[in-house]
Amino acid sequence: MNISVTINGTTCERDVEPRKLLIHFVRDDLDLTGSHIGCDTGNCGACSMIVNGQLVKSCMMLAVQADEAAIETVEGLSDDDELTKLQQAFKDNHALQCGYCTPGMLMSATALLRANPHPTEDEIRKGLQGNICRCTGYWNIFEAVKAAAE
Amino acid sequence: MLLREVGYVRPGSVAEALAALAADDGARALAGGQTLVNVMKARAGSPDVLVDLNGIDALKGIELGGDGTLEIGAMTTYSEIVASSEARARPILGEVCAQIADVQVRNRGTIGGNVCTNDPTNHLPPLLAAIGAEFTIQGADGSRTVSAADFFLGVYFTAVGPGELLTSVRIPAGRSDGFAAVTLGVDGTCIASAAASLNGHVRVALGCVDAVPVVLEPAAADADAVRAAVQGASLDPPSDVHASAAYRVHLAEVLAVRAVQQAQGSA
Amino acid sequence: MSSTTTVTPEKTAEEQATWSGQSVPRKEDRRLLQGQGVFVDDVKRHGMGFVHFVRSPYAHAHIAAIDVSKAEAHPAVYGTLTGEEVAALTDPFFQIASVPGANVKDYALAVGKVRYVGEPIVAVVAETREAARDASELVEVEYEPLDAVTDARHAQDDGVPTIHEDAGGNLMWHGVYEWGDLDAAFNEADRVLTIDELHFHRFNSTPLECDGALVEYNRGTGQWTLYTNNQFPGFAAIMMGPAMRCGLDKLRFVTQDIGGGFGNKITSHPQLVACCLLARKLRRPIQWTEWRTDFHLSMSHGNERWFRETEVAVKNDGTLLGFRTKALDDAGAYLRYEPLGGVIWAQVTPGMYRWQNIRVDFTQVATNKAPVSPNRGYSRMQHLWFTERVIDIVAHELDLDPVEVRKRNYIKAEEMPYTTPNGCVYDSGDYAQMLDIALALIGDVGPRRADAEARGKLIGVGIGSTLDSGTNNFGQSRLINPELQFSGNNEVATVKLDIFGEIVVTLGTTPQGQGHETTAAQVVADILKCSVDDVHVRAGHDSYWNSHAGFSGTYASQFAVTGLSAVKGATEMLRDEIFKLAGAVFGGVPPEALELADGGIRIKDNPEAFLPFMACGAIINANNAGLPEDLGVTLNCRYVYRPPFQVPDVEKKYGNLTLTYAAQVHVAVIEVDPETGYYDIVDYAAVDDCGKRINPQIVEGQVMGATAQALGAAVHEVFEYDEDGNLLTPNFYDYHVPHALDMPPLKTGFVESPSPFTPLGTKGMGEGGGAGIHAVCAAVQDATGAIVTDSHNPYQRVWHLLQERP
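Computed from a predicted structure; not experimentally measured.

**Remarks on the pairing of strand β24 (residues 594–597) of chain C**
For a regular strand, side chains alternate in direction, first toward one face of the sheet and then toward the other.
All names here are of chain C.
No. 1: Two elements, β24 and strand β25 (residues 600–603), share four bridges in a ladder whose sense is antiparallel. Residue pairing across strands places Ala597 opposite Gly600, the latter belonging to β25.
No. 2: From the end of β24 to the start of β25, which pair antiparallel, there are two residues, and Asp598 there has a positive phi angle of about 50°.

**Notes on the domain arrangement of chain A**
All names here are of chain A.
No. 1: The domain boundaries assigned to chain A delineate domain 1 (2–76) and domain 2 (85–149).
No. 2: Once you take the C-alpha centre of each, domain 1 and domain 2 turn out to be 21 Å apart.
No. 3: At the interface, 16 residues of domain 1 touch 13 residues of domain 2.
No. 4: Carbon and sulfur atoms supply 60% of the area buried between domain 1 and domain 2, which totals about 1200 Å² over both sides.
No. 5: A per-residue breakdown of the area domain 1 buries against domain 2 is headed by His36, Leu55 and Val74, which together make up 37% of the total.
No. 6: Across the pair Arg114 and Glu72 runs a salt bridge whose closest N-O atoms are separated by 2.6 Å.
No. 7: Joining domain 1 to domain 2, the criterion identifies six residue pairs in polar contact (both at pLDDT 80 or more).
No. 8: Looking at the side of domain 1 that touches domain 2, the elements with two or more residues in it are β3 (48–51) and β4 (54–57).
No. 9: Broken down by element, the side of domain 1 that touches domain 2 gets its largest block of residues, three residues, from β3.

**A short note on the pattern of salt bridges**
No. 1: On inspection of all chains with the given rule, the structure shows 77 salt bridges over all chains.
No. 2: Between Glu71 of chain B and Arg170 of chain B there is a salt bridge, with its nearest N and O atoms 3.0 Å apart. Here Glu71 of chain B, found in strand β5 (residues 70–73), pairs with Arg170 of chain B, found in strand β10 (residues 165–171); they are 99 residues apart in sequence, far enough to count as distant.
No. 3: Looking at Arg170 of chain B, the relative accessible area reads 28%, which means it is partly exposed.
No. 4: Taking the shortest distance from any N to any O, the salt bridge between Arg245 of chain C and Asp91 of chain C comes out at 2.9 Å. Note that Arg245 of chain C is positioned in the loop between α7 (233–244) and β12 (251–255) and Asp91 of chain C in the loop between α4 (83–89) and β5 (113–114), a separation of 154 residues in sequence.
No. 5: One salt-bridge network, held together by shared partners, links Glu17 and Arg19 of chain A, Arg4, Glu5 and Arg43 of chain B together with Arg133, Asp134 and Glu137 of chain C.

Cut-offs applied
Residues numbered from 1 in each chain as written. Chains lettered and ligands numbered in written order. Predicted model: local features only at pLDDT ≥ 70, side-chain atom pairs only at ≥ 80, totals over all residues. Heavy atoms only, no water. Pairing = 2+ DSSP bridges. Helix = DSSP H or I, 4+ residues; strand = E, 2+ residues; numbered from the N terminus. Domains from an automatic or database assignment. Contact = heavy atoms within 4.5 Å. Buried area = accessible area lost by both parts, 1.4 Å probe. Salt bridge = Lys/Arg side-chain N within 4 Å of Asp/Glu carboxyl O. Polar contact = N/O pair within 3.5 Å; in protein donor to acceptor, adjacent residues only side chain to side chain. Buried < 20%, exposed > 50% of the residue type's maximum accessible area, 1.4 Å probe, protein only.

Structure below.
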C-alpha cells in the first residue's frame with residue numbers, strides 16, 4: 001500500500017506491506033534508527049514517538065495506520081546540532097547511561113511537558129511510566145525532566 | 001514480533017466497516033491495537049484482513065444525557081475518557097482508565113477494545129459489570145443493546161458476533177462506585193480486581209477469577225456481608241505465575257470489601 | 001527524591017585541581033540524546049540477509065528429522081543452516097569444566113537433541129525480516145519428546161533423564177571447599193543453627209537491547225567482521241575460533257553503542273557462529289536481531305542456587321565461628337561460561353565477616369532450562385545473599401539486633417588489607433562506618449512504625465551488606481579444572497598524538513553505558529595537563545585497533561582498574577615520549593627541566609620555549625629528519641595493564657582471586673499490607689565504597705541502576721518454569737521490571753577508601769546492587785517475623801509468610 005507520512009517535517013511516500021509495524025517502517029524504510037525496539041509485547045516504550053500530536057508506542061501501530069500522519073521522533077527534537085533544553089537537562093543530570101531507552105524517554109518527556117509544563121514528580125513518573133530503563137533506576141530521569149520544566 | 005501477511009482496510013463509516021467484516025471470515029476489527037497487535041506479533045492469532053476503526057467518527061465521542069446517562073462511543077480512548085468533562089458524571093470511569101498501563105497505551109487503547117477483548121485481567125469488564133453498563137451492538141440486521149451479563153460470555157469472547165461491531169457503551173447515572181486491584185507493579189496488569197457500585201443496590205464484580213466478571217449482590221454493604229457473598233460464589237480461579245488459585249480467592253475477598261468501602265466513601 | 005552524603009579523604013589542593021574526581025559531563029551523551037548512537041540493529045548492509053532461528057518448543061526431545069526444503073523454496077529465502085551442517089563444519093565449543101562437564105557437546109545449533117525450550121535448531125535467512133519469520137514456519141522438525149528435568153534438586157535422582165549423554169548424567173561439576181578447622185569451630189560453639197534450605201532464584205538484568213549482530217565474510221581473506229554487541233569479545237573469540245577452526249585474527253569484533261549488558265551479553269557466541277557460517281555459505285552479510293522473547297527463553301539466566309543443610313556455629317553473643325553448607329547450582333541446559341560460577345563465589349567466601357572456618361560442598365547440575373551465564377553480581381551475589389541470610393537468621397534465632405551482629409562480625413577497617421580463609425585479600429573498606437551512614441540516612445523509624453500501625457500496616461527494616469569483588473584473577477578457573485591454562489588478567493589501551501596534535505585514545509573495552517569515553521579522557525587529561533575536551537576517545541571496540549588482549553571486554557567490575565590503568569600506563573608512556581622529543585627538539589634539555597601545560601610542553605625556566613602537541617605530532621609523523629637515531633619516540637603508545645596475581649594453589653583452593661573489593665551497605669524500609677501481602681518500599685538508603693571515584697556522577701548512576709535491578713528481582717522478576725520446562729515469564733508482559741511509578745525514594749551515601757593495590761586507587765564497581773535483594777529479604781523477615789528463605793518475595797510469598805506468624 002502507498003502511504004505518505006510527514007516525519008520531523010519532511011514528507012515521505014513509500015509502498016509498504018500492511019503488516020509492517022510503524023517502528024520497522026521508521027527504522028528500516030526511512031533509515032531513522034534513533035527510535036529503538038526493546039521488547040515484543042509493547043511494554044518497554046523504546047519505540048515511543050509522537051503521532052499527530054499524541055505519544056504512542058510505534059511497535060503497536062501499523063505503518064499503514066500512519067498514512068497522512070505527522071510523526072515526530074528523537075531526530076526531530078533539535079533543529080540543528082544543539083541540544084534542546086530537555087536534552088541538556090538529561091546530560092546535566094546523568095539521566096542516560098547506555099542510551100537505548102533515551103530516545104523514547106525524550107519523546108515521552110516532550111509529550112508530558114507539552115501537556116503539562118510544570119509537572120510534579122508524581123506526574124513525571126506517570127508520564128514516563130510507559131518507558132522502561134534498566135540502567136539508571138529512573139531517579140536521574142525524574143530530576144532531568146524537573147530541570148527542563150523550570 | 002513480525003506479523004503474518006494481512007489485508008487492511010480503513011472504512012469511513014460503520015456501514016462500510018460492517019460490510020468489510022462480513023465480507024471475509026478472517027476479517028477482524030482493529031480498535032486501539034494495544035492487544036490485537038501483540039497477538040499478531042506472537043502469531044497467536046492472525047486475521048486475514050484488519051478493518052481499522054480509527055477513521056470512523058461515529059464511533060467516537062461521549063454524550064451526557066439529561067438523566068445523567070453517558071453514551072460512550074466504542075472507539076473512545078482511555079485518555080479521552082480521563083480528560084472528558086462529561087465522563088466526570090461517573091467519576092470511577094476516569095479514575096480506573098487512568099490506571100491502565102501508561103500514557104502511550106491510553107492514547108490508543110479504547111473502551112470498545114477493552115471490553116470486546118474480555119481478557120479476564122482487563123479493568124473495564126468488571127467495572128462495567130458492576131455499574132450496570134449496557135452494550136450496543138450493530139450488525140447487518142440492525143442494532144441491539146445487551147446487559148453486561150449477556151455481553152461477557154467467555155475468555156476473549158463476547159456477544160459481538162462475526163460481522164458485528166460494538167458501537168457504544170451506555171453508563172447509567174451514579175457516583176457511589178469503587179474499584180480495587182492488586183497489580184503487577186503500579187498501574188500494571190491486574191492479578192486480582194474488584195469493582196463495586198452502591199447506587200440503589202449493592203453490586204460487586206470480581207475480575208481475574210473467572211472467564212467473565214463474577215457479579216455478586218451482597219445482602220448489605222458491610223464487610224461481613226460482602227465477604228459472605230464472595231465466599232458463597234465458590235470461586236475457582238486459575239493458578240499462574242503471578243498468583244495461586246488460593247491467593248486469588250483470598251484477594252478477591254479483600255478487594256471486594258475495599259471496593260465497597262471506596263464506593264461508600266465516594267457517595 | 002534522593003540525597004547524598006559523601007565521606008572522602010581530604011583532598012590536597014593539587015588533587016582538587018584534577019579532572020579525576022569531578023563529575024565531568026559525558027562525551028557519549030550528545031550522540032545518544034540525538035538518536036545518533038549506533039547500536040547493532042542500526043548497522044545495515046546492502047543485500048544483507050535477515051536470519052530467524054527456529055527454536056525448540058520442547059524442553060527435552062530427540063530431533064528425529066529436519067526438513068528445510070519448503071523453507072528453502074520460499075521465494076524470498078536465501079538459505080538455511082541446520083545442526084547437521086554445524087556439526088560437520090565446526091567442533092564443539094571448548095568446555096571450561098573438567099569431567100564430567102568437559103564431555104558436554106555444545107554447538108551453534110542443536111545437534112541431535114534439544115535441551116531447552118527456545119533452543120535454536122535451524123537458521124533461516126531471507127530478504128526481509130518478515131519473510132525469514134514466515135519461512136521459518138515452513139521448516140518441519142520431527143521431535144520425539146522426552147521427560148524434562150526442571151528441578152535441580154532432583155536432577156541426579158535415579159530414573160531421571162540424562163540431558164547430555166556424553167557427560168553420563170546431569171552432574172556437571174562438583175567440588176568441596178574447606179578452610180580452617182570446622183570441628184574445632186563447632187565444638188567451640190554455644191549453639192549450632194541449622195537452616196534446612198535457602199533458595200536464590202533465577203532471573204537476569206534484561207538489558208533493554210537484546211543481542212544482535214551483522215556479520216560479513218570476506219571470501220578473499222577469510223576474514224569475518226562481526227558488528228555485534230557481545231560485551232566480552234576476548235571470550236567470544238576464544239570460544240569461536242577453535243570451534244570454527246580458524247585463527248582468532250579471522251574474527252574481527254566491532255562494537256559501538258551497546259544497550260546495556262550487565263553480563264548478559266557474554267555468551268552469544270553460538271548464534272554468532274551460526275551467523276558466521278551463514279555469511280560464508282550464503283555469500284552475503286547476515287543480520288540477526290534477537291527479540292525479547294528469544295532473549296528471555298535462551299540467553300544468560302542468572303545462577304539459581306540452593307544452600308542446603310546449612311549449619312552455623314555461633315556464640316551466644318552472636319560471634320560467628322564457622323559454617324558448612326551444600327550449594328546446589330542449576331546451570332541450565334549447557335555450560336556456556338559455567339562452571340566458573342562454582343568458584344567465582346569464593347572471591348567473597350566469608351562475605352564481609354570474620355568467619356575462619358568454612359566448608360562449601362558445591363554441586364552444579366544441568367537442567368532443561370535456559371543456559372546460565374553471568375548476570376550482574378555473578379555468583380558472588382548468590383553467596384553474599386547466603387551470608388546475609390545467615391546473619392539475619394542468627395540474629396533472629398538468638399534474639400539479637402541484626403545491626404549488632406553485623407558490627408560484631410564485620411571485618412574491621414584497621415584489619416585491612418584482610419586475608420580471608422581462602423587467601424583472598426580485601427583491599428580496604430570500613431563496613432561498620434558504611435552501616436552507620438546508611439542507618440543515619442534512614443533515621444528514626446519509630447514515627448513511621450507508629451503511623452503505619454495506626455493504619456493497620458506493618459513496617460519492616462532490613463540491611464543488605466555486600467561486596468563487589470572486581471578484576472578477576474582467571475587463575476581461579478584452575479580450581480574448577482586444574483588443566484586449564486588461564487591465569488591473571490589484562491586490559492589494553494593506546495594513546496597517541498596525531499599529526500595535528502589530536503590526542504586519540506583506543507580502549508579494549510566494550511562499554512554499555514558506563515561512560516568509558518569520559519572517564520578515560522579524565523585520566524588522560526590529568527596526565528597530559530590538558531582539557532578533557534582535547535582528548536578524543538574512540539567509541540566502542542574494534543579488534544582491528546589492536547587495542548585488546550585475551551581478557552578484553554567490559555564485565556566483572558573492572559574497568560576502573562583494568563581499563564583505566566591501561567589508559568594511565570599508555571598516557572604515561574606518551575608523556576615520557578613527549579618529554580624526550582621536546583628535550584631533543586630543544587637541543588638536549590633534560591626531562592626535569594620541562595613541564596606540560598596549555599596543551600603542550602615547555603621549558604620551566606623559559607616558558608616561551610613551548611612546543612604545542614600539534615608540533616610534536618607533526619614532527620614525528622611528517623617532519624622527522626634530523627632527529628637523534630636512538631630517540632625511540634613514536635607518540636603512539638600501547639600499554640597492557642596486568643594486575644599482580646599469582647596462580648592460586650589448586651590443592652588448597654587458596655589464593656587471591658580478585659584485586660579489589662568495593663563494598664555496599666543498603667537499608668530498606670518496607671510497609672506491608674497484612675491483608676494481602678502487598679508491600680511498598682517506603683524508604684531506602686544505598687551506601688557505596690568503590691575507592692577513588694574518577695567520576696562521582698557516573699559512579700552514583702551505577703549504584704542507582706544496580707539498586708533498581710535488585711529491587712525488581714526482589715519483588716517481581718523471576719524466570720519461572722512449569723514442570724514441562726516451559727518458561728512462564730518469556731516477555732516483559734509477564735516478567736515485570738520496575739517502571740517509573742515503582743521506584744521508592746532513594747538516599748545515597750559514598751565513602752572513598754582507596755585501594756592500595758591499583759594504580760589509581762580505584763576499585764571496579766557496578767555489580768553491588770545485590771545488596772537490595774538482601775535488604776528487602778531482611779525487611780520482609782522483620783515485618784513478618786517469619787524467616788525468609790527465598791531471595792524472591794512477591795506479594796503472595798509475603799502473605800504466606802504472614803500466615804506463619806506465631
